[in-house]
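# Structure at a glance
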Amino acid sequence: MFSNLNIPQQANLMQEPLLLKQTIDYQIYRPKQAWQWMVQTRSVPDQSDWVRPEVRASWQRCLDDYQLPLGNYAVWDDYQIYSPHPWLNNTPHKIETLIKQLSHNFHVFLKEAGVMMLLTSADGRLLYSLGEQQLPGAFMLRTSQRDVVWLESVLGNNGIGTAAELKKPVAFQGMEHFLSVLHPYTTVGYPLCDETGQLQAVIGLVSSHHQENMNSLFAFLHLICVLVNTDFPLAKNPVAQQRVLEKIPFKKTQKTATEHSGAAMSDSLNALVQKAVKLQQYKIPILITGESGVGKDHFVTLLKNSGPRKDAPLIAINCASIPHDLIESELFGYESGSFTGAKSTGKPGKFMLADKGILFLDEIGDMSFDLQSTLLRVLETSEFTPVGGNRPIRVDVQVVAATNVQLLEAVDAGRFRRDLYYRLNGAQIHLQPLRQRHDKNAIIQYFLQRELNAMDNGQALEICPEVIRLFESHPWPGNIRQLINVIRATLYTASSEFISSHDLPLDFMAELKQQPPIAANVAAAQVDLPLVSLSDWELHGIKTVLKECAGNISLAAKKLGITRTTLYKKMERFGLNKSGLDSQA
């Protein structure tokens with residue numbers, strides 16, 4: 001079908017990147033130590049037994065030629081990964097059309113394996129993706145969108161970008177990647193060239209599950225490339241495709257609830273979850289605090305799915321929504337005939353239902369004062385007596401409480417027992433309001449992508465950059481709950497396929513207008529400042545950034561939006577050293 005494309009056939013190209021741990025040359029292969037060394041020294045390690053030659057060479061290009069941000073400190077929310085330039089050659093789009101025709105079996109196959117397949121043009125722009133679309137991490141949500149550039153000069157060494165650079169199949173795992181945001185993944189790339197050796201496109205795979213038999217990734221890519229390059233009946237026969245796919249030793253990924261519950265919407269949230277998991281292992285009571293709508297119930301779900309009680313029940317009860325005279329029977333249950341209207345068979349309470357699992361007491365600050373003493377005894381003894389009963393029942397329950405009020409103020413006012421407060425507050429997890437979170441942009445992008453993926457009307461929506469800016473600058477008094485509602489209302493009621501500010505809810509825009517004009521306040525504060533030249537402002541900015549970056553020239557140049565060479569020239573002109581001080585001092 002596309003006989004002018006040249007598919008690499010050498011078996012060693014498929015085997016060489018995959019059998020690292022089985023070769024004598026790399027028995028003490030140490031990419032983690034090598035990457036940490038590079039972060040500290042800003043140089044590629046010389047030790048040949050630390051990383052493969054392909055990795056070392058690509059890291060050198062990332063440092064010297066591309067001057068990419070290095071380390072875990074980089075601000076990925078604003079990292080530019082899109083290309084404004086259209087691809088003019090028609091060949092990649094023909095390949096894209098063919099792959100879409102083959103995508104039915106491939107999509108299911110890749111999804112089961114937890115692998116995302118990418119097709120990029122020769123200039124690295126993403127044209128099409130299929131398979132697993134829910135890889136963890138907010139950054140990966142961005143990199144799976146059309147027109148994202150996967151070249152080495154943008155994303156550092158990766159299977160797709162490096163295959164385009166070297167024009168040969170290549171794979172990277174974990175900390176072999178230069179950029180820290182790619183460390184959780186495996187990337188594999190396979191180039192498609194014409195008869196003259198000119199690169200036409202790259203087909204790649206990305207997975208967060210490191211396949212034990214990595215050769216299966218290359219086997220799959222080789223199959224795809226053969227189908228693209230020929231007019232074999234296999235390319236048109238779904239049944240024949242399925243028989244071939246069954247022979248490729250992909251392992252089905254073990255999907256857990258955590259993968260689908262949004263834990264990876266931000267690294268900060270995941271860190272809090274892991275902290276709570278450690279507390280849960282020792283059965284330490286956890287108190288979650290934060291404003292209404294920050295996602296306390298969502299956090300408890302993540303905790304349950306990640307912790308030692310993930311296979312046990314999670315029972316939630318909202319202490320504010322149940323009448324005070326019924327909450328005792330809700331928590332502890334009742335025996336038959338205990339009161340008028342009681343079921344003849346009795347009813348188990350939440351503590352009984354949560355045995356061996358987690359009991360989530362939401363809005364604990366609204367619990368009646370007289371019931372608080374009963375709850376305290378249960379927490380101390382792990383025993384309770386149902387309403388109307390005369391025999392205590394012992395349970396094994398992890399209690400997690402949450403509140404959006406200041407419990408200490410309620411204690412001082414006599415509305416909440418001090419001993420119960422300290423019993424519940426074995427450890428406290430505070431969830432910040434959305435407006436104060438440094439990972440707000442990642443959270444917004446996560447929920448936008450989640451809702452777009454959930455839409456089943458087949459409509460391709462594009463969101464105006466102005467809408468994203470409004471989302472990022474909004475105060476969000478209703479926090480994440482409000483964010484989800486606004487996104488859903490906007491996407492499902494949009495007047496066209498292009499989402500603009502006119503599609504946003506009126507109350508959302510009204511809240512935005514009620515914010516104090518920040519620019520006006522800044523201008524007013526600067527009225528009395530003396531006039532300075534543009535050169536003075538430039539000198540002040542460079543000094544400030546150099547001090548903030550502690551002499552890290554690569555990071556300082558990235559923050560200033562200039563190259564390292566330009567920064568060095570400006571430092572020389574102003575007579576500055578790496579610390580931002582006068583070099584003559």
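## A word on the sheet that holds strand β15 (residues 427-430)
Through backbone hydrogen bonds, the strands of a sheet pair up, either in parallel or in antiparallel fashion. If you trace the 5 strands from one edge of the open sheet to the other, you get β8-β11-β14-β7-β15, paired in parallel fashion. Strands with a single pairing partner mark the edges of an open sheet, and in this sheet they are β8 (314-318) and β15. Ignoring which end each strand starts from, the neighbouring axes of this sheet average 20° apart.

## With respect to the packing of aromatic side chains
Under the counting rule described, the total for this entry stands at 8 aromatic pairs. Aromatic side chains F351 and F384 sit 6.1 Å apart centroid to centroid with 40° between the ring planes, which places their arrangement in the tilted category. Of the two residues, F351 is situated in helix α14 (residues 350-353) and F384 in strand β12 (residues 383-384); the sequence distance between them amounts to 33 residues. Residue classification places F351 among the buried positions, given a relative accessible area of 2%. A relative accessible area of 3% places F384 in the buried class. Between W476 and F508, the aromatic rings sit 5.3 Å apart at their centres with planes inclined by 50°, giving tilted as the arrangement. Of this pair, W476 sits in the loop between α19 (465-473) and α20 (479-492) while F508 sits in helix α21 (residues 506-513); the two residues are 32 residues apart in sequence, bridging distant segments of the chain.

## Thoughts on unusual backbone geometry
Here the phi dihedral of Q67 falls at roughly 50°; this positive angle occurs in a residue that is not glycine. Relative to the assigned elements, Q67 resides in the loop between α3 (53-66) and α4 (91-113). You will see that K283, though not glycine, has its phi angle at about 55°, which is positive. Along the polypeptide, K283 turns up in the loop between α11 (267-281) and β7 (286-289).

## Side note on the side chain of Q398
Take Q398: it is sitting in strand β14 (residues 398-403). In this structure Q398 comes out as buried when scored by relative accessible area, which is 1%. A polar contact of 3.0 Å, which involves the side chain of Q398, links it to the backbone oxygen of I284. Aside from chain neighbours lying at most four places away, what touches Q398 is Q280, K283, I284, P285, I286, R309, G357, I358 and L359.

## Topic: helix α7 (residues 159-166)
For α7, the buried fraction is high: 6 of the 8 residues fall into the buried class. Of the positions making up α7, those classed as buried are G159, I160, G161, T162, A163 and A164. Considering only its buried residues, α7 is in contact with α3, β2 (115-121), α6 (152-155), β4 (170-173), β5 (186-194) and β6 (199-207). Between the side-chain oxygen at the start of α7 and the backbone nitrogen of I160 there is a gap of 3.0 Å, and the oxygen is on N158. In the segment just after α7, K167 is the residue with positive phi, at about 60°.

## Some remarks on the pattern of salt bridges
All told, the structure shown has 12 salt bridges when counted by the stated rule. When the shortest N-O distance is used, the salt bridge between R394 and E383 registers 3.6 Å. Taken together, the residues span a long stretch of sequence, with R394 in strand β13 (residues 393-394) and E383 in strand β12 at a distance of 11 residues. Classification of R394 by relative accessible area gives exposed; the value is 57%. A salt bridge links R417 to D419; its shortest N-O distance comes to 2.7 Å. Overall, R417 belongs to the partly exposed group, its relative accessible area being 23%. D419 sits in the partly exposed class, given a relative accessible area of 35%. Through salt bridges that share partners, D123, R125 and D147 make up one connected network.

## Considering the side chain of D503
Here D503 lies in the loop between β17 (498-499) and α21. Of the side chains bearing the opposite charge, R469 lies closest to the buried D503, which forms no salt bridge; the N-O distance is 14 Å. Residues within four places of D503 in sequence aside, it is in contact with T490, A494, S495 and F498.

## A closer look at the packing of α19 against α21
Relative to each other, α19 and α21 sit at 60°, their axes nearing to 10 Å. One finds that α19 runs oblique with respect to α21. Note on packing geometry: the crossing formed by α19 with α21 is left-handed. Here L470, F471 and S473 of α19 lie close against α21, whose contacting residues are F508, M509 and L512. Residues belonging to the contact of α19 with α21 are distributed by class as follows: 5 nonpolar, 1 polar and no charged.

## Notes on the nonpolar core
Ranked by size, the top nonpolar core spans 40 residues in total, and within it M38, W59, W150, L155, F178 and V206 carry the most contacts. For this core, the secondary-structure elements that each account for two or more residues are α2 (31-41), α3, β2, α5 (138-143), α6, α7, β4 and β6. Sorting elements by how many residues they give to this core places α3 first, with 4 residues. When neighbours within four sequence positions are excluded, M38 is seen to be in contact with S43, V44, W59, L63, L70 and F178. Listed in part, the 32 residues of the second largest apolar core include I315, I317, L361 and V397.

## Description of the environment of L361
Position of L361 relative to the elements: it lies in strand β11 (residues 358-362). A relative accessible area of 0% means that L361 is categorised as buried. Along the sequence, L361 and A402 sit 41 residues apart, while their C-alpha atoms lie 6.3 Å from each other.

Conventions and cut-offs
Residues numbered from 1 in each chain as written. Predicted model: local features only at pLDDT ≥ 70, side-chain atom pairs only at ≥ 80, totals over all residues. Heavy atoms only, no water. Pairing = 2+ DSSP bridges. Helix = DSSP H or I, 4+ residues; strand = E, 2+ residues; numbered from the N terminus. Axes fitted to C-alpha atoms, helices over the stretch in contact; angles between N-to-C directions. Phe/Tyr/Trp six-rings, centres within 6.5 Å; stacked < 30°, edge-to-face > 60°. Buried < 20%, exposed > 50% of the residue type's maximum accessible area, 1.4 Å probe, protein only. Polar contact = N/O pair within 3.5 Å; in protein donor to acceptor, adjacent residues only side chain to side chain. Contact = heavy atoms within 4.5 Å. Salt bridge = Lys/Arg side-chain N within 4 Å of Asp/Glu carboxyl O. Lys, Arg positive; Asp, Glu negative; His and termini not counted. Parallel < 35°, antiparallel > 145°, perpendicular 65-115°, else oblique. Left-handed = near helix turned anticlockwise from the far one by under 90°. Nonpolar A, V, L, I, M, F, W, Y, C, P; charged D, E, K, R; others polar. Core = buried A, V, L, I, M, F, W, Y, C linked by side-chain atoms within 4.5 Å.

Function cannot be inferred from these measures alone, as they are strictly geometric.
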